[in-house]
Amino acid sequence: MEPQWNPTSYPQSPSLIFLLMATTYTWFLPVTSPQRIPTDPAAAPEYAHSIRLDGDIILGGLFPVHSRGDRGTPCGELKKEKGIHRLEAMMFAIDLINKDPELLPNITLGARILDTCSRDTYALEQSLTFVQALIERDGSDVRCANGDPPIFTKPDKIVGVIGAAASSVSIMVANILRLFKIPQISYASTAPELSDNTRYDFFSRVVPPDSYQAQAMMDIVTAMEWNYVSTLASEGNYGESGVEAFIQISRETGGVCIAQSLKIPREPRPGEFDKIIRRLLETSNARAIIMFANEDDIRRVLDAAKRNNQTGHFLWVGSDSWGSKISPVVGQERVAEGAITILPKRASVDAFDRYFRSRSLSNNRRNVWFAEFWEENFNCKLGMHGKRPGSLKKCTGLEKVGRDSSYEQEGKVQFVMDAVYAMAHALHRMHRELCYGYPGLCPRMANIDGKELLSHIRAVNFNGSANTPVVFNENGDAPGRYDIFQYQNTNRSTAEYRVIGSWTNKLHLRVEAMRWKSGDPSLPPSVCSIPCRTGERKKVVKGVPCCWHCERCEGYHYQASEFTCELCPYEMRPDTNRTGCVPIPIIKLEWHSPWAVVPVFISMLGIIATSFVIVTFVRYNDTPIVRASGREMSYVLLTGIFLCYAITFLMIATPDVGVCSFRRIFLGLGMCFSYAALLTKTNRIHRIFEQGKKSVTAPRFISPASQLVITFSLISVQLLGVFVWFAVDPPHTVVDYGEQRTQDPLAARGVLKCDISDLSLICSLGYSILLMVTCTVYAIKTRSVPETFNEAKPIGFTMYTTCIIWLAFIPIFFGTSQSAERMYIQTTTLTISLSLSASVSLGMLYMPKVYIILFHPEQNVPKRKRSFKAIVTAATMSGKLSQKGGDRPNGEVKTELCESMETNSEFPGSCRKAPVGIFSTHMAQAHLASATQSSETRELEHLFEQTDSKADETGSRTLPGNRPAAGTCEDGEVSSPNNRCQALEGNGSNRMLISSGFGTERSVI
């Protein structure tokens, strides 16, 4: 008993609409039986649309025997390969199964094969034939013309359907078949949508879904290094689903961008394909075109590209609908050259080739479309009822396929046979389970349950017609196995498809086997932007991640990633390629550098000169000039000068902890030694003169010992500051990367230096500069001291020159703080300034003495001795003079004072007519004498002798006799101890005779 279909037992869905259509349409279907199928092709009615093969179990078949019709007609031209080859493959497979004693023994398979005309709506109408047996007919209201009840021909019960080809047709048919629980196995539908087991639970396929195909195509695009492509799809489930899967994968992987995604309409208007080509050219960089289109659309797209002179521009990547078919490229071989296509892995079935070549009009009457195929294949006409109009040659019926026409097995023949065998194996498993040991169909299989049959279909596992395994996953999909083809021109100037790789969950592509129209073996580009060069980052265009602008990593930035530049660490710089960072080279002032050679040369000359002066002074240590120079203070001063020269070597030496420590100590110490000694000397002179104006009392702390104590006290302040500096900030080396951090990183250098900042340097030299300024002030105050007295004037000139040197040093040193040559300029400036300061002191204070010692030794000998008592007596009388000078005439004071001096002096008469001012000289001499020890007395006496000698040379005149006669010296002259009248210079109270332990001569002021 046939099962009754109850509409209320199924969910309300759009599929119910199809069911209602089926119910209505059933009444108008022609009743077709084996007896009514015409056996003569010439007499076959044009409306014949199905093939019926008797059998115990009937399988349905859906094939695109004809193409889609134009202008409202449902069907168009015959499809020889995709239509006739495939349906013949189904019948051939049924023949083999029926002959196989091991598979479905004693059971015969039959078939009901329909033409879909490559149109989903037409296929839906045709597929209603498959469900007629499952619909209960109500004939109570129907009567024949004679009043008898109607007689219904029992339709065939279809247990399973093989097909369809197009995914859109399979989806439409699957919605009907699932309602009646009829399993369906497709041989060509690859739309990913059909993998949805909740919507298409009775659908299975022996070809992999387009999700695998899309992944394989994505792998091809990636292997070709294309990242900017366009997609082109035929309107419908196959094309749209394939493109959608490809786009989805591209989004997930992120390596490929879609420039345009175009769709070919179902009913394209004239010029539509030219418009598509023009739109593809809007993004001309996207040369690769991913095509999920049917065969007809592919052919028309290639033709449009050819018309628009775009041969060789586009790089076609076709899906399995293109595969290795000849029809899309016939007549358009040049524009299709280089196209890469994909096709599920298959093998040619040799048995089918032998079968099909043996087909003729006489032995293939069961195929109602074979006569039409015969006319199309041999380009002839079968009598008056032939399908092909026009004055063509008449078919003889003796033509032979493969001999009188070209023949190549269609690519899906293998899968058609595998689909039929899969259904047969499932029925065999079901028969073995339900009818074990029963020959033929048992009662339990009289009404085959579609759901139970589906479970057996999903469980099959056998080697198909190409000896490849046929299996299904839980969604009814076959595993992905593809061959990769390229359409190439051969050496024979003919084009053909060549296998260049395969895909089985992973791409295996032989790039070296690929050929391109340009003849260039390198891969043609299909990129939005060319790759950035090394050291450049990609600035991605908003919304188009595969399009970018290249920006070079500037300055001290390096390319951290494809899209970012990062700043190198402070002590590093980018390498040449800007792909990483390398340490900045570290430099220091080298001995061979011109910046070092000049200071070192000056310093060496200075050290030699200083050493020569010291050796000379030591050699002539007891000579009058050396003694009169103040030996102790001279050696201190020479030590400072030597240190000023020697610091140059520490400033140029390679910095380390030891060198940095010595730099701190000796940088300001040399100047401190020098200016502390000079300050002590100038201060002593100033105090002596100031005290001489006030009283006869000698100033304190003017002895040599006191002077040394004062000098070293001043030096100790500098040392104390250095020791505090050591405690607060221990010396160490640093690498200054900012000093020569130029805009060009390649020129950047790190400077190895001691941790002495500019501020620390000024502080270190500041104390010495303070001593220098103070010494200059005292030099200015003693500028009126007699010429060469106590070296006051040479010291003054020394300090003036030194101030000028250091005033020039300051702007040069700090004005170059931003220069790239800062280290060289500042070091050279500092060392030369120190050397020049030392040279000025050495040249002005000591070179004249050395000159006299070496070249005028006659001036470096004692001439006579003078009693120190006379000097003290003169100092005493000057006190009396100061008391009486206010009430007595000048002449009386002179007379009284001279009388007192003649009484106590060693040289009576020496004071006749001497001015009062001369006695202030004796007061100053007394001040000096009071601070003089025995050795200093000799130095003091020598001064007088030098003065007398000078007087002989500079204009004093000799009086007759051993002594100048009283009153014989003129006004303005004085009788000197060597019996001569010596002229006095100056006037008033400023006329003095001064001598000092620090002078080389006695001078007259």
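Note: the structure precedes this text.
The present account deals with the structure reproduced in this document. (Residues numbered from 1 in each chain as written. Predicted model: local features only at pLDDT ≥ 70, side-chain atom pairs only at ≥ 80, totals over all residues. Heavy atoms only, no water.)

**Some details on the state of the cysteines**
Put plainly, two cysteines are in a disulfide when a covalent bond ties their sulfur atoms together. The cut-off we apply is this: Cysteine sulfur atoms are paired as a disulfide whenever they come within 2.5 Å of each other. Per-residue accessibility, obtained with a 1.4 Å probe over protein chains only, is compared with the maximum for each type, and a residue is labelled buried under 20%, exposed over 50%, and partly exposed between these values.
Overall, the coordinates contain nine disulfides when judged by the stated rule. Summary of cysteine pairing: C775 is not part of a disulfide, and the nearest cysteine sulfur, belonging to C803, is at 8.8 Å. By relative accessible area, which is 0% here, C775 ends up buried.

**Observations concerning helix α4 (residues 167-177)**
This is how it is decided: Each helix is a run of DSSP H or I of at least 4 residues and each strand a run of E of at least 2, with the numbering of both proceeding from the N terminus.
Judged by how many residues are buried, α4 sits mostly within the fold: 11 of 11 residues are covered. Three or more residues of α4 are buried, namely S167, S168, V169, S170, I171, M172, V173, A174, N175, I176 and L177.

**Observations regarding unusual backbone geometry**
The omega angle of the peptide bond from G163 to A164 is 0°, so this bond is cis rather than trans. Mapped onto the secondary structure, A164 falls in the loop between β6 (158-162) and α4. Backbone geometry places N309, a non-glycine residue, at a positive phi of 55°. Within the fold, N309 resides in the loop between α8 (295-307) and β12 (315-318). Look at N505: it is not a glycine, yet its phi comes out positive at around 65°. Looking at the secondary structure, you find N505 in the loop between β17 (495-503) and β18 (507-509).

**Examining the sheet that holds strand β8 (residues 203-205)**
Our working definition: Pairing between strands is defined by DSSP: at least two bridges between them are needed. Each axis is a line fitted through C-alpha atoms, and for a helix only the stretch in contact is used; angles between axes span 0 to 180 degrees, taken between their N-to-C directions. The contact criterion used throughout is that any non-hydrogen atoms of two residues lie within 4.5 Å.
Taken in spatial order, the six strands line up as β1-β5-β2-β6-β7-β8 in an open sheet, and their pairing is mixed. Each edge of the open sheet carries a strand with a single partner, namely β1 (50-53) and β8. With direction set aside, neighbouring strand axes in the sheet form an average angle of 20°. Here strand β7 (residues 184-186) runs beside β8; their pairing, made up of three bridges, is parallel. The residue of β8 that forms the bridge with Q184 is F203. Strands β2 (57-63), β6, β7 and β8 of the sheet are contacted by α4, whose axis makes an angle of about 170° with β7. Docked against the sheet, helix α12 (residues 413-434) engages β2, β5 (109-115), β6 and β7, running at close to 155° with respect to β6.

**With respect to helix α23 (residues 847-855)**
Filter applied, for reference: Taken from the helix axis, the directions to the C-beta atoms give the arc we talk about.
Buried within α23 we find K849, V850 and I853. All buried residues of α23 fall inside an arc of 95° around its axis, so they share one side. Looking at the buried positions of α23, the neighbouring elements they touch are α14 (594-619), α15 (624-628) and α22 (822-845).

**Points about the pairing of β5**
Within β5, seven of the seven residues are buried, which leaves it mostly tucked inside the rest of the structure. By the alternation rule, side chains of β5 split into L109, A111, I113 and D115 and G110, R112 and L114, which are all buried. Where β1 meets β5, four bridges bridge the pair, whose relative direction is antiparallel. The residue bridging I51 from the neighbouring strand is I113, located in β5. Strand direction decides the pairing type here: β2 and β5, joined by seven bridges, are parallel. Note that in β5 the partner of G61 across the bridge is I113.

**Structural notes on the packing of helix α7 (residues 272-281) against α8**
Threshold: Here roughly perpendicular refers to angles of 65 to 115 degrees, roughly parallel to angles under 35, roughly antiparallel to angles over 145, and oblique to all remaining angles. By definition, turning the near helix anticlockwise from the far helix through less than a right angle yields a left-handed crossing, and turning it clockwise yields a right-handed one.
Relative orientation of the contacting elements α7 and α8 amounts to 65°, with a least axis distance of 9 Å. Judged by the angle between their axes, α7 and α8 are roughly perpendicular. Read as a crossing pair, α7 and α8 show a hand that is right-handed. Where α7 abuts α8, its residues F273, D274 and I277 lie against D297, R300, V301, A304, A305 and R307.

**A word on the packing of α14 against α23**
The criterion, for reference: Side-chain classes are defined by residue name, with Ala, Val, Leu, Ile, Met, Phe, Trp, Tyr, Cys and Pro counting as nonpolar, Asp, Glu, Lys and Arg as charged, and the others, Gly among them, as polar.
One way to put it is that α14 packs onto α23 with a least axis distance of 11 Å and a crossing angle of 50°. Our classification of the angle between α14 and α23 gives oblique. Remark: the crossing between α14 and α23 carries left-handed chirality. For the pair formed by α14 and α23, the contact residues are A609, F612, V613, T616 and F617 on the first element and M847, K849, V850, I853 and L854 on the second. For the contact of α14 with α23, the per-class residue count stands at eight nonpolar, one polar and one charged.

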